[in-house]
Amino acid sequence: MIIQSERISLKHLLTVEALTDQEVMGLIRRGQEFKQGAKWTPQKSQYFATNLFFENSTRTHKSFDVAEKKLGLEVIEFEASTSSVSKGETLYDTVLTMSALGVDVAVIRHGDENYYEDLIQSKTIQCSIINGGDGSGQHPTQCLLDLMTIYEEFGHFDGLKVAIVGDITHSRVAKSNMQMLKRLGAQVFFSGPEEWYDNEFEVYGHYLPLDELLDQVDVMMMLRVQHERHDGKESFSKESYHQEHGLTVERAKKMQKHAIIMHPAPVNRDVELADSLVEGLQSRIVQQMSNGVFVRMAILEAVLNGKA
Ligand code: CP
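Quick caveat, the model's predicted, so the values are computed rather than measured. (Residues numbered from 1 in each chain as written. Predicted model: local features only at pLDDT ≥ 70, side-chain atom pairs only at ≥ 80, totals over all residues. Heavy atoms only, no water.)

Focus: the domain arrangement of the protein chain
Domains assigned within the protein chain are domain 1 (12-139 + 290-307) and domain 2 (140-284). Relative to domain 2, the C-alpha centre of domain 1 lies at a distance of 26 Å. Between domain 1 and domain 2, the contact holds 37 residues from the first and 26 residues from the second. Counting each side, the surface lost to burial between domain 1 and domain 2 is near 2600 Å², with a carbon and sulfur contribution of 59%. For the domain 1 face of the interface with domain 2, the top three residues by lost area are Val-16, Ser-136 and His-139, together amounting to 25%. Across the domain 1-domain 2 interface, the total number found is 3 salt bridges. At the boundary of domain 1 with domain 2, the tally comes to 14 residue pairs in polar contact (both at pLDDT 80 or more). Breaking the side of domain 1 that touches domain 2 down by element, the ones donating at least two residues are α1 (21-35), α2 (59-70), β3 (105-110), β4 (128-134) and α11 (285-307). If you tally residues by element for the side of domain 1 that touches domain 2, the top one is α1, at 9 residues. Residue composition of the side of domain 1 that touches domain 2, grouped by class: 13 nonpolar, 15 polar and 9 charged. (Domains from an automatic or database assignment. Contact = heavy atoms within 4.5 Å. Buried area = accessible area lost by both parts, 1.4 Å probe. Salt bridge = Lys/Arg side-chain N within 4 Å of Asp/Glu carboxyl O. Polar contact = N/O pair within 3.5 Å; in protein donor to acceptor, adjacent residues only side chain to side chain. Helix = DSSP H or I, 4+ residues; strand = E, 2+ residues; numbered from the N terminus. Nonpolar A, V, L, I, M, F, W, Y, C, P; charged D, E, K, R; others polar.)

With respect to the UniProt feature "domain: Aspartate/ornithine carbamoyltransferase Asp/Orn-binding" (unreviewed entry) in the protein chain
On the UniProt side, "domain: Aspartate/ornithine carbamoyltransferase Asp/Orn-binding" (unreviewed entry) is annotated at positions that read residues 158-302 here. As annotated, residues 158-302 has a helix share of 35% and a strand share of 14%, and its two end C-alpha atoms lie 25 Å apart. (UniProt positions renumbered as here; feature names shortened; annotations may be inferred.)

Considerations on the UniProt feature "binding site: carbamoyl phosphate" (unreviewed entry) in the protein chain
Within the UniProt annotation, "binding site: carbamoyl phosphate" (unreviewed entry) is assigned to Arg-59, Thr-60, Arg-109, His-139, Gln-142, Ala-265 and Pro-266. Lining the largest pocket, from this annotated set, are Arg-59, Thr-60, Arg-109, His-139, Gln-142, Ala-265 and Pro-266. When neighbours within four sequence positions are excluded, Arg-59 is seen to be in contact with Phe-64, Pro-264, Ala-265, Pro-266, Met-289 and Arg-296. Checked against the element boundaries, Thr-60 lands in helix α2. Look past the residues within four positions of Thr-60 in its chain and what remains in contact with it is Phe-53, Arg-109, Gly-132, His-139, Thr-141 and Arg-296. (1 Å grid on protein atoms, 1.4 Å probe; cavity = no way out; pocket = protein on both sides within 12 Å on 5 of 7 lines; lining within 4 Å.)

A closer look at the layout of surface pockets
Any empty space left between the atoms is revealed when a probe the size of a water molecule rolls over them. In this structure, the largest pocket encloses a volume near 360 Å³. The wall of the largest pocket is formed by 18 residues, among which Asn-56, Arg-109, Arg-172, Arg-224 and Pro-266 lie closest to the centre. Tallied by class, the residues present in the lining of the largest pocket amount to 4 nonpolar, 7 polar and 7 charged. Summarising the domain contributions, the lining of the largest pocket has at least three residues from each of domain 1 (12-139 + 290-307) and domain 2 (140-284). (Points joined across faces, edges and corners; volume = space filled by probe spheres on them.)

Regarding the site of the ligand
Taken together, Ser-57, Thr-58, Arg-59, Thr-60, Arg-109, His-139, Gln-142, Pro-264 and Ala-265 make up the full set of residues near the ligand. Within the contact set of the ligand, a nitrogen atom lies 2.9 Å away from a backbone nitrogen or oxygen of Pro-264. Note that a nitrogen atom of the ligand is positioned 2.9 Å from one of the backbone N or O atoms of Ala-265. Taking a 2 Å distance to the grid points as the criterion, the majority of the atoms of the ligand fall inside the largest pocket. Tallied by class, the residues present in the shell around the ligand amount to 2 nonpolar, 5 polar and 2 charged. Two domains each provide a minimum of three residues to the shell around the ligand, namely domain 1 (12-139 + 290-307) and domain 2 (140-284). (Near = heavy atom within 4 Å. Sits in = over half its atoms within 2 Å of the grid points.)

Right, here's the structure in full:
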């Protein structure tokens, strides 16, 4: 029997800081319930959602599509390239229009950090905003699916040793995860190229060479090298990055048997981790993608509860 977890109600989901620990755990548990087949009981007969992606995406965009359809929402298609964005329409005016059309919730990915500030301060825009990634800022829905995957594996966060490895400075996934993992009691470590690390992260964890972390951690969270945010100033070839900072087959052999490998994907195979590890026994990368649908159902439900 599925016992429904406590009802969560959110106006928007923009950052992980805005969530209480209780809300985070409630969304994870609700994601697990959806995975087991729980159903949503809507308050109205019809809800409209739209996915406004101004940066490319496979997982976030398509898993929101699936989550919305599983919940029975009407999904309003939007492609920036064929919309009036090409005529100079601003993000504000796109969202204002969607709101005026009766859209209840807009999932937005945009290249500007904190793009949502003007939208949530507007007195006219009524639709809720779910942040699908803001520049190098945050990726709260990826954070929640990562947490769900870790919780499924270990049943808790307290004292878990989690390494976040790679292009940390440019990664919104890393920024959301380091904050929330620390808050939930995990011990966070960082590794990767020192030029992609910033001392501001020290409040959440400590930097160590990857080889010192291999046999210590419970979770090895590898990050994608964010070529699109480097302005062509890269000092590594694919091979040299893999050998110096990647999870090679040899390095993976030194990990504890119970430890898991994660990556938000898309993976640059044989760069951040060896091709053969991506679908290997210790990898949870496919599970992360599947869990994305269920935790996003929980997030959409919470936001639509907030409108009831
Ligand atoms: N992990 C993630 O955000 O992937 P996409 O860019 O494909 O959505």
